[in-house]
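In case you want the letters, here they are:
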Amino acid sequence: MAFGAGNPSADCIADSAGGLTFDLDVPGSADAAAHWSAALVLRRRGGSPDAPDGADEVRLPLAPSGAGRVRAVLPSTVALPEGRWDVHVACGEDTPQRLLPGLADLRSLVDRRPGPSTSPLAVRIPYATKHGNLSLRSWLRAPHAEAGDVQVEDSGITGRGSLYRVENPGAWLAGAVVEARCRRAPELVRTAPVTADGQDFTFALSYAELCEEWRGGLDVWDLWLRGPEGSQPVRIARILDDVADKKQVFTYPAKPVAASYAPARVSPYYTVDNDLSIRIDERPPVAAAR
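Throughout what follows, the structure given in this document is the object of discussion. (Residues numbered from 1 in each chain as written. Predicted model: local features only at pLDDT ≥ 70, side-chain atom pairs only at ≥ 80, totals over all residues. Heavy atoms only, no water.)

### What about the packing of aromatic side chains?
Taken as a whole and judged by the stated rule, the model has four aromatic pairs. Taken together, a centroid distance of 5.9 Å and an interplanar angle of 85° make the contact between Trp 214 and Tyr 261 edge-to-face. Separated by 47 residues along the polypeptide, Trp 214 in the loop between α3 (207-211) and β18 (219-226) and Tyr 261 in the loop between β20 (255-258) and β21 (263-270) bring together distant segments of the chain. You can call Trp 214 buried: its relative accessible area is 0%. Of the residues examined, Tyr 261 reaches a relative accessible area of 48% and is grouped as partly exposed. Within the aromatic cluster, the residues linked to one another by ring pairs are Phe 250, Tyr 252 and Tyr 270. For the cation-ring pair, Arg 181 lies above Trp 224, with the distance from its terminal atom to the ring centre recorded as 4.4 Å. (Phe/Tyr/Trp six-rings, centres within 6.5 Å; stacked < 30°, edge-to-face > 60°. Helix = DSSP H or I, 4+ residues; strand = E, 2+ residues; numbered from the N terminus. Buried < 20%, exposed > 50% of the residue type's maximum accessible area, 1.4 Å probe, protein only. Lys NZ or Arg CZ within 6 Å of the ring centre and 35° of its normal.)

### Section: the side chain of Asp 241
Its place among the elements puts Asp 241 in the loop between β19 (234-237) and β20. By relative accessible area, Asp 241 is classed as buried at 10%. Not counting chain neighbours up to four residues away, the residues in contact with Asp 241 comprise Leu 109, Val 110, Ile 125, Lys 246 and Phe 250. (Contact = heavy atoms within 4.5 Å.)

### Things to note about unusual backbone geometry
Cis geometry is adopted by the peptide bond preceding Pro 143, which originates at Ala 142 and carries an omega value of -5°. As for its placement among the helices and strands, Pro 143 is situated in the loop between β11 (134-141) and β12 (144-152). In this model, Arg 165 sits at a positive phi of 65°, which is unusual for a non-glycine residue. Within the secondary structure layout, Arg 165 lies in the loop between β13 (156-164) and α2 (169-173). Residue Arg 165 is classed as buried on the basis of its relative accessible area, which comes to 15%.

### Side note on the sheet that holds strand β5 (residues 63-66)
Within the open sheet, the five strands sit side by side as β5-β6-β2-β1-β9. Their pairing is mixed. This sheet does not close on itself; its edge strands, each paired only once, are β5 and β9 (100-105). Going across the sheet, the axis of each strand differs from the next one's by a mean of 35°, ignoring polarity. Bridge analysis of β5 against strand β6 (residues 69-74) gives three bridges, and the strand direction is antiparallel. Bridge pairing in β6 places Ala 63 opposite Arg 71. (Pairing = 2+ DSSP bridges. Axes fitted to C-alpha atoms, helices over the stretch in contact; angles between N-to-C directions.)

### A closer look at the pattern of salt bridges
Within the structure shown, the criterion is met by 26 salt bridges. The shortest N-O distance in the salt bridge between Arg 141 and Glu 82 comes to 2.8 Å. Highlighted residues: Arg 141 in strand β11 and Glu 82 in the loop between β6 and β7 (83-90), separated in sequence by 59 residues. For Arg 181, the salt bridge identified is with Glu 179, shortest N-O distance 3.1 Å. The class for Glu 179 is buried, based on a relative accessible area of 9%. Each of Glu 82, Arg 141, Arg 183, Asp 222, Arg 235 and Asp 275 takes part in salt bridges that share partners, so that together they form one network. (Salt bridge = Lys/Arg side-chain N within 4 Å of Asp/Glu carboxyl O.)

What follows is the structure, given as structure tokens:
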């Protein structure tokens, strides 16, 4: 193996614009690290070998950075389509090796507030997979509705958020609504007006309205922000921090609801893609939601 026996590890440093720097030790041959073909290889999970260049594989050149280390840089300007990207290191004709996670400096991602721009918002968060390998979770969104505090109250759910990557957020939010869309029956939509303050907004959704059509089992309602006529609705999500998978970290209590069909319970949650949704199920719950 060009980079030594076993799988090497990479330290990651994130910047506030969405860029990442990878630093690797070189326990093997220094010549391998200096070889013109040495590269950090990002492969999108589930990607196709026939995909256009850059769609499912990105190669970043590795260059010596001193003290027996090599470095690769993923600038925020390099497009990385949404998904999960597995991180490898490659040199010459050798089989690419998976990288292990080293130290991660993600402080610049905490409480990130992007500046004014209409370009797509790039978010990349490195994380360790369940098998202990290094991967990235990538989002590329414009516009983006960032979920903030979510309050689970007696009669409904109150949420806060911020809108990014539109030219005039205040004008976009004027008259905007939050749409709750039922996965089981896409024609079922419930709306709630938003109150805007610049690029920030608040909304409230009633348990009673969400439970009107519930007939037992599990229902999931996905939350979208809909703005001016002609604009595309925006999925409400929480991606501007250093937590790659919110589902098991940001959890909310379930509230009992006296629904017309049967006793139910309602709770907000983050999906596997960090999008904000609401689940309605029986008491006790009967299924898990993604």
